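# Understanding the architecture of this molecule
Take a look at the letters that make up each chain.
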Amino acid sequence: MARSATSRILLSAPAFILLAIVIVTIAAPWISPYDPDAQSLADRLQGPSALHLLGTDALGRDTLSRLLHGGQFSLSVALITTLFSLLVGTVLGLISALRGGWLDEIFLRVNDLLLALPEIVIALLIIAVMGPGFLTMVLSVGVVAWTPTARLVRSMAAQALSTHHVEASKHVGASRWFILRHHVLPFVAGPVLAQAALRFGLLLVLLGSLSYLGIGVQPPQSDWGSMLSDAQPHAIRSPWGLIAPGAAIFLVSFCVTLLGNRITHVLGGEDVLDTETKAESHG
């Protein structure tokens, strides 16, 4: 059954599209038709053609080449931030559910405070203090990105710990680690993976927004958000500069969200958005 469920997820259309995007971005140094930083002012703001499939930007740089190379940065930062938030949120949520008492109360209050603040506001404050850069982007978003995952894990773990299976294991002297590994983690894994897929899409958009505002990735490095920012002043004359990176962000976010929902349905759960909402209400 587990093998069949995995096949249904991996063989879905969103998974194929995401895999194709990841492959072409990884292979960008070898398949890009031009150097993404090579400028040619004589060819600036050209439309799609045989030489430049997606046209050129205001400095004559090939849009397709920049899109492929920029995808490496956008996807890698979003992935690292998602994994960081998933790890921190899972650990803190499990500790809160297992320990309970005053520690659980402190966790809930801090979690409520961070959830009440817009993520982009906290990210802007941290970047303003530390300055832009790769590590700063990961830390600025990761500081608050773990809160929904922690809330979900804490709620699901608390439900698992209240089942008869856990009570029976406690009566026969099972260790806390045994209960965590055999009863709590399998119960939590499905919803957390589904939410992680959803969070990846949201973080990709958030990180792109920071770069669009000019406080994310810095030249000569580029990502999809900075490409949108560079192309905006020339949107009427050369709309492809906006369409290409915007479509890339939308397509990845959309496919990841669909994949997260598919994971939830395959595991016999509810929609990932409903799961997150119910977890917050139970918390």
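Refer to the structure presented above.
Residues numbered from 1 in each chain as written. Predicted model: local features only at pLDDT ≥ 70, side-chain atom pairs only at ≥ 80, totals over all residues. Heavy atoms only, no water.

Leu67, Leu75, Val141, Leu207, Trp224 and Val252 are the most contacted members of the largest nonpolar core, which has 36 residues in total. For this core, the secondary structure elements donating two or more residues are helix H2 (13-26), helix H4 (63-99), helix H6 (119-130), helix H7 (134-145), helix H10 (176-212), helix H11 (224-231) and helix H12 (240-266). Residues contacting Leu75, with those up to four places away along its chain left out, are Ile21, Thr25, Phe200, Leu204, Trp224 and Val252. (Core = buried A, V, L, I, M, F, W, Y, C linked by side-chain atoms within 4.5 Å. Buried < 20%, exposed > 50% of the residue type's maximum accessible area, 1.4 Å probe, protein only. Helix = DSSP H or I, 4+ residues; strand = E, 2+ residues; numbered from the N terminus. Contact = heavy atoms within 4.5 Å.)

The subject of this paragraph is the packing of aromatic side chains. As enumerated under the stated definition, the model contains one aromatic pair in all. Seen in terms of ring centroids, Phe250 and Phe254 are 5.6 Å apart; in terms of plane orientation they differ by 10°. Their pairing is stacked. Here Phe250 and its partner Phe254 are both found in helix H12, four residues apart, which amounts to about one turn of the helix. Taking the relative accessible area as the measure of exposure, Phe250 reaches 55% and is therefore exposed. Its relative accessible area of 43% is what places Phe254 among the partly exposed residues. (Phe/Tyr/Trp six-rings, centres within 6.5 Å; stacked < 30°, edge-to-face > 60°.)

This part is about the side chain of Thr81. Looking at where Thr81 falls in the secondary structure, it is placed in helix H4. Under the relative-accessibility criterion, Thr81 is labelled buried at 0%. When near neighbours in sequence (up to four residues on either side) are disregarded, Thr81 contacts Val138, Val141, Gly142, Leu203 and Leu207.

Before going further, it helps to examine the environment of Pro239. Checked against the element boundaries, Pro239 lands in the loop between H11 and H12. Look at Pro239 and you get partly exposed, because its relative accessible area is 35%. The spacing of Pro239 and Gly55 is 184 residues in sequence and 9.5 Å in space, taken between C-alpha atoms.

Taken N-terminus to C-terminus, the directions of H4 and H11 make an angle of 135°; their axes are 8 Å apart at the nearest point. Classified by the angle between their axes, H4 and H11 sit oblique to one another. Two secondary-structure elements touch here, H4 through Thr63, Arg66, Leu67, Gly70, Gly71, Ser74 and Leu75 and H11 through Trp224, Met227 and Asp230. Within the contact of H4 with H11, the residues separate by chemical class into four nonpolar, four polar and two charged. (Axes fitted to C-alpha atoms, helices over the stretch in contact; angles between N-to-C directions. Parallel < 35°, antiparallel > 145°, perpendicular 65-115°, else oblique. Nonpolar A, V, L, I, M, F, W, Y, C, P; charged D, E, K, R; others polar.)

Enumeration according to the criterion identifies seven salt bridges in this entry. Arg66 is the salt-bridge partner of Asp37, the closest N and O atoms lying 3.8 Å from each other. A residue pair is termed long-range when its members are at least 10 positions apart, and Asp37 in the loop between helix H3 (28-31) and H4 and Arg66 in helix H4 qualify at 29 residues. Across the pair Asp57 and Arg61 runs a salt bridge, and its minimum N-O distance is 2.8 Å. Of the two residues examined, Asp57 and Arg61, each falls in the buried class. (Salt bridge = Lys/Arg side-chain N within 4 Å of Asp/Glu carboxyl O.)

Moving on: H2. For H2, spanning 14 residues, the distance from its first C-alpha to its last is 20 Å, which sits close to the expected 20 Å at 1.5 Å a residue. Among the residues of H2, those classed as buried are Pro14, Ala15, Leu18, Ile21 and Thr25. One side of H2 carries all its buried residues, which in axial view fall inside an arc of 130°. (Expected span 1.5 Å × (residues − 1). Arc of directions from axis to C-beta.)

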